[in-house]
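Survey of secondary and tertiary structure
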Amino acid sequence: MTAPLTPPHQPQPNDPWQATPSGSHAVPGEQPGDERRTEIRQGAVIAAVLTVAGLALGLLWLWLAPRVPLVSDDTAVFLKNSESEEAIGADGTFVLLGLAFGLVTGAAVFLFRRRGGIPLVVGLALGGILGSLLAWGIGTWFGPTSDVVAHAKEVGKGVTFDAPLELHAVGAAVLAWPVAAMIAHLGLTALFGPRDPEPEWDAAPGMPYAAGEQPPGAGGATPYQQWPDKRAEGNS
């Protein structure tokens, strides 16, 4: 009596056509930790560059923001135009500039590295927030003095002077840049970023076959008709 053969519906243990386990995409010599550290360094560089770019935002805000005219009568300081919209014009100018900076920096980061990544998005968000805070400080520091009383005494009675440059909607102004940058970067990555390769399906789940080879049972025949019974031949 001979030993039973391996059933045809089970692949041989040393079958060269047997599929490799799914998920084994490691390339020899590749270290995933190195790529992660590279992304973290790039995210830190992006955050630092965007923070420095806040200087440009602050100078533009100082230049483009409308001024609020004040006047003094030696007893108090008043708005020269009580119905003027300059008071909210500074906030609107800062928000619009922040949105523009966010769109430009988000697109620039995508062109710099077309593959997305959490460190890059974090660097965009952190750099946008720090850059906005720096721009806010630049505008208020180099703008009209915040000591309104001293300024009124300096210019004299009835003389118009500018109010300090201030932000009233601080949250919206500071978040305009990072939100616009993340939306621009994520949108460009979704539209033009690299795509994952489509999975390749075998002829039968878990049982790949060589070119031209038919799986057991193909053509209407059952597996046991293709594999003769060796035990019957041994007994005959």
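Residues numbered from 1 in each chain as written. Predicted model: local features only at pLDDT ≥ 70, side-chain atom pairs only at ≥ 80, totals over all residues. Heavy atoms only, no water.

So, about the overall build of the protein chain. When its secondary structure is counted, the protein chain shows seven helices and three strands. Helices (α) and strands (β) of the protein chain occur, in sequence order from the N terminus, as α-β-β-α-α-α-β-α-α-α. Taking the contacts inside the protein chain whose residues are at least 6 apart along the sequence as the reference set, 80% of them involve residues at least 24 apart. In the structure as shown, the protein chain presents an accessible area of about 15700 Å², 64% of it carried by carbon and sulfur atoms. (Helix = DSSP H or I, 4+ residues; strand = E, 2+ residues; numbered from the N terminus. Contact = heavy atoms within 4.5 Å. Areas by Shrake-Rupley, 256 points an atom, 1.4 Å probe, with all protein chains shown as cover.)

Moving on to the side chain of Gln42. Relative to the helices and strands, Gln42 resides in helix H1 (residues 32-64). If near-sequence neighbours (up to four positions away) are discounted, Gln42 is found in contact with Phe112, Arg113 and Leu120.

A separate point is the nonpolar core. With 19 residues, the main nonpolar core has Ile46, Leu57, Trp61, Phe94, Leu124, Leu165 and Trp177 as its most contacted residues. Sequence-distant contacts of Leu165, that is, excluding residues within four places in its chain, are made with Trp61, Leu62, Ala65, Arg67, Ala90, Gly139, Thr140 and Pro144. With five residues, the next largest nonpolar core counts Val68, Ala152, Phe161 and Ala163 among its residues. (Core = buried A, V, L, I, M, F, W, Y, C linked by side-chain atoms within 4.5 Å. Buried < 20%, exposed > 50% of the residue type's maximum accessible area, 1.4 Å probe, protein only.)

By the element assignment, Arg67 lies in the loop between H1 and strand E1 (69-72). Residue classification places Arg67 among the partly exposed residues on the basis of a relative accessible area of 27%. Between the alpha carbons of Arg67 and Pro164 there is a distance of 8.3 Å; along the sequence they are 97 residues apart. At a separation of 2.7 Å, a polar atom in the side chain of Arg67 contacts the main-chain carbonyl oxygen of Leu62. (Polar contact = N/O pair within 3.5 Å; in protein donor to acceptor, adjacent residues only side chain to side chain.)

The next subject is the confidence of the model for the protein chain. Of the residues in the protein chain, 65% reach a pLDDT of 70 or more, and the chain-wide mean stands at 76. The element-level mean pLDDT for the protein chain is lowest in helix H6 (residues 223-226), coming to 49, with helix H3 (residues 118-142) highest at 94. (pLDDT = per-residue confidence, 0-100.)

A word on the side chain of Asp91. Note on placement: Asp91 falls in helix H2 (residues 86-112). Here Asp91 occupies a buried position and makes no salt bridge, while the nearest side chain of opposite charge, Arg67, is found at 12 Å. Beyond its immediate stretch of four places on either side in the chain, Asp91 contacts Glu166, Leu167, His168 and Ala169. (Lys, Arg positive; Asp, Glu negative; His and termini not counted. Salt bridge = Lys/Arg side-chain N within 4 Å of Asp/Glu carboxyl O.)

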